[in-house]
Amino acid sequence: ATSMGKYNASYIVLEYKRCDFSPFILDERKEFNCAQGERPWKELFCPAAHVSPHFKLLFANAGYAVFELQDRVSAAGRARAIEDIGSWKNMLDRCMSDDP
């Protein structure tokens with residue numbers, strides 16, 4: 001969130017195939033990977049973004065997720081894990097109102 005503020009960025013797009021939601025090697029380029037088992041799953045950026053009070057999930061499909069940087073950060077009532085339905089609630093509510 002701090003880096004985004006430096007560039008006046010308000011949105012971030014995650015490409016899920018790059019995330020893989022796994023702490024295991026994703027690419028051949030070792031400089032971009034953690035050693036297997038080196039970092040716990042919950043510390044990886046993609047799953048952490050879904051439950052971060054700094055980001056609001058606007059859209060997700062099988063390939064991408066779009067988050068908006070939040071001006072006011074509040075952890076109250078936030079989901080604590082990606083599998084928590086609260087991680088997806090804002091997007092699901094919007095989808096249901098747009099296309100019931």
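Owing to the predicted nature of the structure, the values given are computational and were not obtained by experimental measurement. (Residues numbered from 1 in each chain as written. Predicted model: local features only at pLDDT ≥ 70, side-chain atom pairs only at ≥ 80, totals over all residues. Heavy atoms only, no water.)

Describing the sheet that holds strand β3 (residues 64-69)
Turning to step 1, where the next piece is worked out: Overall, antiparallel pairing links the 3 strands, which are arranged β1-β3-β2 in an open sheet. The open sheet is flanked by β1 (11-15) and β2 (55-60), the only strands paired with a single partner. On average, each strand axis in the sheet is inclined to that of its neighbour by 25 degrees, with strand direction left out of account.
Turning to step 2, where the next piece is worked out: Pairing of β1 with β3, which is carried by 5 bridges, proceeds in the antiparallel orientation. Note that in β3 the partner of Y11 across the bridge is E68. (Pairing = 2+ DSSP bridges. Helix = DSSP H or I, 4+ residues; strand = E, 2+ residues; numbered from the N terminus. Axes fitted to C-alpha atoms, helices over the stretch in contact; angles between N-to-C directions.)

Description of the nonpolar core
Turning to step 1, where the next piece is worked out: By size, the foremost hydrophobic cluster in this structure holds 13 residues, and its most contacted members are L14, F55, L57, A60, A65 and F67.
Turning to step 2, where the next piece is worked out: When contributions to this core are tallied by element, the ones reaching two or more residues are α2 (16-19), α3 (45-51), β2 and β3. (Core = buried A, V, L, I, M, F, W, Y, C linked by side-chain atoms within 4.5 Å. Buried < 20%, exposed > 50% of the residue type's maximum accessible area, 1.4 Å probe, protein only.)

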